[in-house]
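Structural overview
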Amino acid sequence: MIKDPRTPLYAALVGLATGLAFGTASGERAILSYVPTVEQLTPRVPEDPMPALTHAGMALAMREAQGQLRAGRPWAAWKQLREYVDDPAQAPEAVVLTAARAASGWDGWSHVRRLLEGRDWLAERSRGEGLYLLARAAEARHEWRAAADGYGRYLANPHAEHRAEAAARLARALARADDGRGAARAAARAARE
């Protein structure tokens, strides 16, 4: 008898014994019923492997952009991400928000607006930072009422980070929009923050 499990003959005998056991124990139909299950295990090669490569490239670009932002280089961060946000509706929210943050760092407010306008997730992600950036973009265009609305929405988020600055900017936007009372309330809020 062959006792060394590394020999091909041993493997063949084990396979033959297993096949005979299945054949006698459960019958031929039972064995054939497993064939579709085995076919389902056949690996499928994607027709276009590029989306997976794009996601890997996007992840690397995102990591690099975050490092550039931490280092105070928003233009370099923007250059890392701009190709991935050509169509912001197709890009992941985190990538869009990071690209908007980068664009705001070099006063690229038209890019911020294009990236963030109409996104329904702005209040929920990153403590509402997208609302703040969109309000800043409106302020840069001297759209005072839109800026005031944006800062108001941002300040309604209990987790908002830039509360004092947003309240001061809200006061300025309301004053420019000829809402003196609202501006006074916002200025008092900024002082409290």
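For the structure, check the block above.
Anyway, here's the lowdown on the structure attached to this text. In this text, all values refer to a predicted model and were calculated from it rather than measured experimentally. The residue count restarts for each chain, going from 1 along the sequence in the order it is written. With the structure being a predicted model, the display of local features is reserved for residues of pLDDT at least 70 and the display and counting of side-chain atom pairs for 80 or more, all residues being used for whole-chain, interface and lining totals. Hydrogens and water are ignored here; the side-chain numbers use all heavy atoms of the structure.

1. A word on the packing of aromatic side chains
Within 6.5 Å between ring centres, the rings of Phe, Tyr and Trp (the latter by its six-membered ring) count as paired, and their orientation is classed by plane angle as stacked under 30 degrees, edge-to-face over 60, tilted in between. Taken as a whole and assessed by the stated rule, the structure comprises 4 aromatic pairs. Taken together, a centroid distance of 5.2 Å and an interplanar angle of 45 degrees make the contact between Tyr 132 and Tyr 154 tilted. Of this pair, Tyr 132 sits in helix α7 (residues 129-140) while Tyr 154 sits in helix α8 (residues 144-155), and the two are 22 residues apart along the sequence. The class of Tyr 132 is buried, set by a relative accessible area of 5%. Among the aromatic residues, those joined into a cluster by ring pairs are Trp 75, Trp 78 and Trp 106. Where helices and strands are cited, they refer to DSSP runs of H or I of at least four residues and of E of at least two residues respectively, numbered from the N terminus. The classification of residues rests on relative accessible area computed with a 1.4 Å probe and restricted to protein chains. Under 20% of the type maximum is buried, over 50% is exposed, and intermediate values are partly exposed.

2. Quick word on the nonpolar core
Of all hydrophobic cores here, the largest spans 46 residues; its most connected members are Val 85, Leu 115 and Leu 116. Among the elements of the structure, α3 (50-70), α4 (74-81), α5 (93-105), α6 (109-116), α7, α8, α9 (163-176) and α10 (180-192) are those that each provide at least two residues to this core. Setting aside residues up to four positions removed in sequence, Leu 115 forms contacts with Trp 78, Val 85, Pro 88, Val 96, Ala 99 and Ala 100. Put simply, a nonpolar core is a bunch of buried Ala, Val, Leu, Ile, Met, Phe, Trp, Tyr and Cys residues held in one set by side-chain atoms that sit within 4.5 Å of each other. When checking whether two residues touch, look at their non-hydrogen atoms; a contact exists if any pair is within 4.5 Å.

3. Considering the packing of α7 against α9
Lines fitted to the C-alpha atoms define the axes, with helices restricted to the stretch that makes contact. Angles between their N-to-C directions range from 0 to 180 degrees. Where α7 contacts α9, the two axes come as close as 12 Å, and the packing angle between them is 30 degrees. The pairing of α7 with α9 is recorded here as roughly parallel in orientation. Seen from above, α7 lies across α9 with left-handed handedness. Residues Tyr 132, Arg 136 and Glu 139 of α7 form the contact with α9, whose participating residues are Glu 165, Ala 166, Arg 169 and Arg 172. Three categories are distinguished: nonpolar for Ala, Val, Leu, Ile, Met, Phe, Trp, Tyr, Cys and Pro, charged for Asp, Glu, Lys and Arg, and polar for the others, with Gly belonging to the last. Within the contact of α7 with α9, the residues separate by chemical class into 2 nonpolar, no polar and 5 charged. Under this scheme an angle from 65 to 115 degrees is roughly perpendicular, one under 35 degrees roughly parallel, and one over 145 degrees roughly antiparallel; angles in between are oblique. By the definition used in this description, the sense in which the near helix is turned from the far one sets the handedness, with an anticlockwise turn below a right angle giving left-handed and a clockwise turn giving right-handed.

4. As for the pattern of salt bridges
The salt bridge criterion pairs a side-chain nitrogen of Lys or Arg with a carboxyl oxygen of Asp or Glu, the two atoms within 4 Å. Scanning all chains against the criterion turns up 12 salt bridges. The closest approach of N and O atoms between Arg 113 and Glu 143, which form a salt bridge, is 3.0 Å. A residue pair is termed long-range when its members are at least 10 positions apart, and Arg 113 in helix α6 and Glu 143 in the loop between α7 and α8 qualify at 30 residues. For Arg 125, the salt bridge goes to Glu 124, with nearest N and O atoms at 3.6 Å. The exposure class assigned to Arg 125 is partly exposed, which follows from its relative accessible area of 35%. Given a relative accessible area of 56%, Glu 124 falls into the exposed group.

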